[in-house]
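Notes for the structure review
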Amino acid sequence: CTSSSSNSHSTHVAMDANRVKRVSIEGNIAVGKSTFARLLQSAGEDWEVVPEPIGKWQSIDSGCSQTASNLLDMMYQDPQRWSYTFQTNSCMSRMRTQLQPPPERLLNAEGVAVQVFERSVYSDRYIFALNMFQLGCINSTEWAIYQDWHSFLVEQFGHQVELEGIIYLRAPPQKCMERLGRRGRMEEKQVQLDYLEKLHGQHEEWLIEKSTRLHFEHLTRVPILVLDAGMEFEKYLEVQATMITQVKEFFS
Ligand code: DCP
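Residues numbered from 1 in each chain as written. Predicted model: local features only at pLDDT ≥ 70, side-chain atom pairs only at ≥ 80, totals over all residues. Heavy atoms only, no water.

**Details of the site of the ligand**
- Near the ligand you find 22 residues, and of these Lys33, Tyr76, Arg119, Arg183 and Glu188 are the closest.
- Here an oxygen atom of the ligand and a side-chain polar atom of Arg185 are 2.9 Å apart.
- Considering the ligand on its own, with 590 Å² of exposed area, one finds that the protein chains cover 97% of that surface.
- The greatest single-element share of the shell around the ligand, amounting to 4 residues, is contributed by helix α4 (residues 79-98).
- Split by residue class, the shell around the ligand holds 10 nonpolar, 4 polar and 8 charged. (Near = heavy atom within 4 Å. Polar contact = N/O pair within 3.5 Å; in protein donor to acceptor, adjacent residues only side chain to side chain. Areas by Shrake-Rupley, 256 points an atom, 1.4 Å probe, with all protein chains shown as cover. Helix = DSSP H or I, 4+ residues; strand = E, 2+ residues; numbered from the N terminus. Nonpolar A, V, L, I, M, F, W, Y, C, P; charged D, E, K, R; others polar.)

What follows is the structure, encoded as structure tokens:
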């Protein structure tokens with residue numbers, strides 16, 4: 001089996017890392033991160049929204065078989081067997097996305113570009129991987145290995161994976177459950193409210209109570225904007241406008 005990848009783009013600037021502002025949108029499964037990211041994109045700011053590479057997790061080409069594997073599905077079907085593999089893959093694909101330089105056209109007059117990500121390498125670790133470890137789906141050996149390579153990579157990439165801000169879309173787990181049901185992603189059909197409650201708890205500990213033990217000094221200083229995503233903001237223009245104003249003020 002062979003595989004290769006390349007991420008060089010001639011239309012992208014090789015810019016000094018500290019001239020890119022990276023912001024991540026965090027929040028429970030199905031809270032509406034993609035919807036909110038699209039809203040931000042259309043809000044007129046020159047921000048690049050970088051979607052989560054979920055399609056890659058649903059279709060992994062091993063190069064050795066006729067059909068691609070759906071690792072997201074495998075993880076939900078047999079979390080004990082596949083959680084470590086899934087978390088490794090999701091974090092690696094996100095690292096790659098987070099390291100992509102923004103297109104040149106996004107530079108503002110001061111030579112700064114803003115990139116908005118759906119989630120980050122930090123929620124991969126402090127929300128999902130940690131949760132799977134606490135649930136016993138990642139064992140202590142896997143957890144030690146995960147943390148080791150995660151810290152190593154984040155430290156090696158330094159500024160290139162640091163965030164300048166976090167937007168936390170906060171909503172009751174019950175609301176996320178309803179939205180999850182409505183969107184009907186095949187792989188998530190057995191997700192229970194209980195699981196969303198645990199993930200909600202992880203978000204709260206990290207972003208509100210600040211009791212999660214973080215391993216990166218810069219992360220303890222990142223400003224966090226908490227937005228109430230309990231309302232159906234997709235439907236209501238006034239709610240959208242208020243949220244966008246809050247974001248603009250936060251980053252001005
Ligand atoms: N996932 C996971 N572990 C990660 C990242 C994601 O298990 N480290 C899973 C949870 C979901 C799917 O991947 O089943 C996508 O989750 P997200 O919450 O990141 O994205 P959504 O598409 O649910 O976000 P939203 O509906 O808020 O746009």
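Don't stop here, the text continues.
**Looking at the side chain of Glu232**
- Positionally, Glu232 belongs in the loop between β5 (224-228) and α9 (237-251).
- For Glu232, a relative accessible area of 17% gives the class buried.
- Within the structure, the side chain of Glu232 is placed 3.5 Å from the side chain of Lys175, a separation counted as a polar contact.
- When near neighbours in sequence (up to four residues on either side) are disregarded, Glu232 contacts Lys175, Arg179 and Arg182. (Buried < 20%, exposed > 50% of the residue type's maximum accessible area, 1.4 Å probe, protein only. Contact = heavy atoms within 4.5 Å.)

**Regarding the packing of aromatic side chains**
- Within this structure, the stated rule accounts for 8 aromatic pairs.
- Ring centres of Tyr126 and Trp206 lie 6.5 Å apart, and the angle between their planes is 45 degrees; this geometry places the pair in the tilted category. You can see Tyr126 sitting in helix α5 (residues 121-134) and its partner Trp206 sitting in helix α8 (residues 193-208), a full 80 residues away along the chain. For the pair Tyr126 and Trp206, a shared accessibility class is recorded, and that class is buried.
- Ring plane angle 55 degrees and centroid distance 4.7 Å describe the contact between Tyr146 and Trp149, whose orientation is recorded as tilted. Remark: Trp149 and Tyr146 occur in helix α6 (residues 140-157); sequence separation between them is 3 residues, near one turn of the helix.
- Residue classification places Tyr146 among the buried positions, given a relative accessible area of 0%.
- Judged by relative accessible area, which is 16%, Trp149 ranks as buried.
- Here the aromatic cluster, defined as three or more aromatic residues joined through ring pairs, consists of Phe133, Trp143, Tyr146 and Trp149.
- Seen from the ring of Trp82, Arg81 lies directly overhead, with NZ or CZ sitting 3.8 Å from the centre. (Phe/Tyr/Trp six-rings, centres within 6.5 Å; stacked < 30°, edge-to-face > 60°. Lys NZ or Arg CZ within 6 Å of the ring centre and 35° of its normal.)

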